[in-house]
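Close look at the chain arrangement
What follows is each chain in one-letter form.
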Amino acid sequence: MSKTAKALAFIEGRGGIARWSDLVGAGFSPGLIASMANQGKIDCETRGVYTLPDVIADEPEAITARWGRAVVSHGSALYLHGLSDRLPLSTDITVPREYNASAITRAYPSIALHRCNKQVYPLGIQVVEGLAGAPVRVYDPARCVCDILALRKRGEADVQLLKDAVEGYLRSSECDLPKIASYARALGVEDELQRYTEVLL
């Protein structure tokens, strides 16, 4: 098998999307990557992120592939988890508070950028399959519910989205009350979670 065929197989094995650093780390030379792009064998989705020509990476896939600290969150993550049937108008992305996200907002000015402190940032990060089939870094359902509760506490959350998220989570097979309670404590929304669970359980 040629180096080009191996590189294409490598990208296909990653859901049709791969970072430049992943390709180089797997032993494919920068020259080969550039040549494949010039020949149309791969497309440059965004700087440093390549896809197979027949793969259309959606925004969350491209963002989390390029920026290692970006996590799909809030309503966008709820949609990916099937806890909301409304595709958000803008992609919700969370980064650590001290992280310089200017490159993300320049490349994707329509995203909804959220920040959190470094203690709660890693809570609930997981990787799921995106809408186009590539891996996406997202917060798990319990974290998403707590994030929406935090928005509600500040008077910023959509009431219907919150209702769908809490009800959907509590009725899902993934419902883990100790986990969501620990997230709620960390995010300061224990009282809000208790009010909703008392009504719904």
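Residues numbered from 1 in each chain as written. Predicted model: local features only at pLDDT ≥ 70, side-chain atom pairs only at ≥ 80, totals over all residues. Heavy atoms only, no water.

1. Details of the overall build of the chain
Filter applied, for reference: A run of H or I in DSSP becomes a helix once it reaches four residues, and a run of E becomes a strand once it reaches two; helices and strands are each numbered from the N terminus. When accessible area is computed with a 1.4 Å probe and restricted to protein chains, residues below 20% of their type maximum are described as buried, those above 50% as exposed, and intermediate ones as partly exposed. In what follows, a contact means two residues having at least one pair of non-hydrogen atoms within 4.5 Å. Note on charges: Lys and Arg go in the positive column, Asp and Glu in the negative column, and His and the chain ends are not counted at all. Think of each charge as sitting on NZ of Lys, CZ of Arg, CG of Asp or CD of Glu.
Assigned secondary structure in the chain consists of ten helices and eight strands. Projected onto the principal axes, the alpha-carbon positions of the chain cover approximately 60 × 35 × 25 Å. Counting every position in the chain, which comprises 201 residues, the buried fraction comes to 43%. Contacts in the chain between residues at least 24 apart in sequence constitute 56% of all its contacts with a sequence separation of at least 6. On the chain, the mean spot of the 23 positive side-chain charges and the mean spot of the 24 negative ones are 8 Å from each other.

2. Some remarks on the pairing of strand β7 (residues 125-129)
Stated formally: Two strands qualify as a pair provided that DSSP identifies no fewer than 2 bridges between them.
For β7 and strand β8 (residues 135-139), the ladder comprises five bridges, and the chain directions are antiparallel. For E129, the partnering residue across the bridge sits in β8 and is P135. Two successive antiparallel strands, β7 and β8, enclose a turn made up of five residues, where G133 displays a positive phi of approximately 100°.

3. Comments concerning the sheet that holds strand β1 (residues 17-19)
Rule in force here: Under this scheme, a helix contributes an axis fitted over its contacting stretch, all axes are lines through C-alpha atoms, and angles between N-to-C directions fall in the 0 to 180 degree range.
Read across the sheet, three strands follow the order β1-β3-β2 without closing on themselves; strand pairing throughout is antiparallel. A single partner strand is all that each edge strand has here, and the edge strands are β1 and β2 (43-46). Averaged over neighbouring strand pairs, the angle between their axes works out to 35° when direction is ignored. Pairing between β1 and strand β3 (residues 49-51): three bridges, direction antiparallel. Each bridged residue has a counterpart across the sheet, and for R19 the counterpart in β3 is V49.

4. Brief notes about the pairing of strand β6 (residues 112-116)
This is how the line gets drawn: Here is how to tell: hold the view so the strands point away, follow the path from the first strand over the helix to the second, and if it runs clockwise the crossover is right-handed.
Sheet topology places strand β5 (residues 92-96) next to β6; five bridges connect them, and they run parallel. Within the sheet, the bridge partner assigned to P96 lies in β6 and is C116. Crossover handedness for the path β5 to helix α6 (residues 102-107) to β6: right-handed.

5. Describing the packing of helix α7 (residues 141-153) against helix α8 (residues 159-171)
Our working definition: Here is the rule for angles: anything less than 35 degrees is roughly parallel, anything more than 145 is roughly antiparallel, 65 through 115 is roughly perpendicular, and the remaining ranges are oblique. Each crossing gets its hand from how the near helix is turned against the far one by less than a right angle, where anticlockwise is left-handed and clockwise is right-handed.
It is at 10 Å that the axes of α7 and α8 come closest, and there the two elements cross at 150°. As the angle between them shows, α7 and α8 are arranged roughly antiparallel. Of the two elements, α7 crosses α8, and the hand of that crossing is left-handed. Facing α7, whose interface residues are P141, A142, V145, I148, L149 and R152, α8 presents V159, L161, L162, A165, V166 and Y169.

What is shown is where atoms sit, not what they do.
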